[in-house]
Amino acid sequence: VDVFQAWCGPCKPVVNLFQKIKNEVGSNLHFAVAEADSIDALEKYRGQCEPVFLFYTGGELVAVVRGADAPLLQKTILKQL
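- In the annotation of an unreviewed UniProt entry, the entry for the protein reads TXND6 protein, and the organism field reads Prunella fulvescens.

### Section: the sheet that holds strand β1 (residues 2-4)
Each strand in a sheet pairs with another by means of backbone hydrogen bonds, the pair being arranged parallel or else antiparallel.
Stage number 1. Taken together, the four strands give an open sheet; going across it, the order is β2-β1-β3-β4, and neighbouring strands pair in mixed fashion. Either end of the sheet is taken by a strand with one partner, and the two such strands are β2 (33-35) and β4 (60-66). Neighbour to neighbour, the strand axes of the sheet diverge by 30 degrees on average, direction disregarded.
Stage number 2. Pairing of β1 with β2 involves three bridges; the strand directions are parallel. If you follow V3 over to β2, its bridge partner there is A34.
Stage number 3. Sheet strands in contact with helix α2 (residues 70-80) are β3 (52-57) and β4, and its direction is about 165 degrees off that of β4.

Thresholds, definitions, all that
- Residues numbered from 1 in each chain as written.
- Predicted model: local features only at pLDDT ≥ 70, side-chain atom pairs only at ≥ 80, totals over all residues.
- Heavy atoms only, no water.
- Pairing = 2+ DSSP bridges.
- Helix = DSSP H or I, 4+ residues; strand = E, 2+ residues; numbered from the N terminus.
- Axes fitted to C-alpha atoms, helices over the stretch in contact; angles between N-to-C directions.
- Contact = heavy atoms within 4.5 Å.

Quick look at the structure:
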C-alpha cells in the first residue's frame with residue numbers, strides 16, 4: 001500500500017516498478033494507494049513528505065519501507081512473496 005497525503009499525492013514512479021514485478025511474479029502481488037489524511041488507521045503516517053509503503057500478508061502488516069528506494073522496495077516485495 002502506497003500511503004500518501006493529498007498535498008503530495010501517491011508515488012507515481014513506483015507504480016511502474018510494482019507493475020514490472022507483478023508481471024514477473026504473477027497475481028500474488030496487489031498494489032493499492034491510500035490517502036493518510038482520510039483514513040484514521042493511517043494517522044501516524046500524516047505530516048510526512050516521504051512516501052511510505054506498507055506490506056501486508058494475510059491482513060497482517062509484515063514490512064514498512066519509507067522513501068522511494070526502488071532496490072529496497074523490490075527486495076522487500078520479493079522477500080515477502
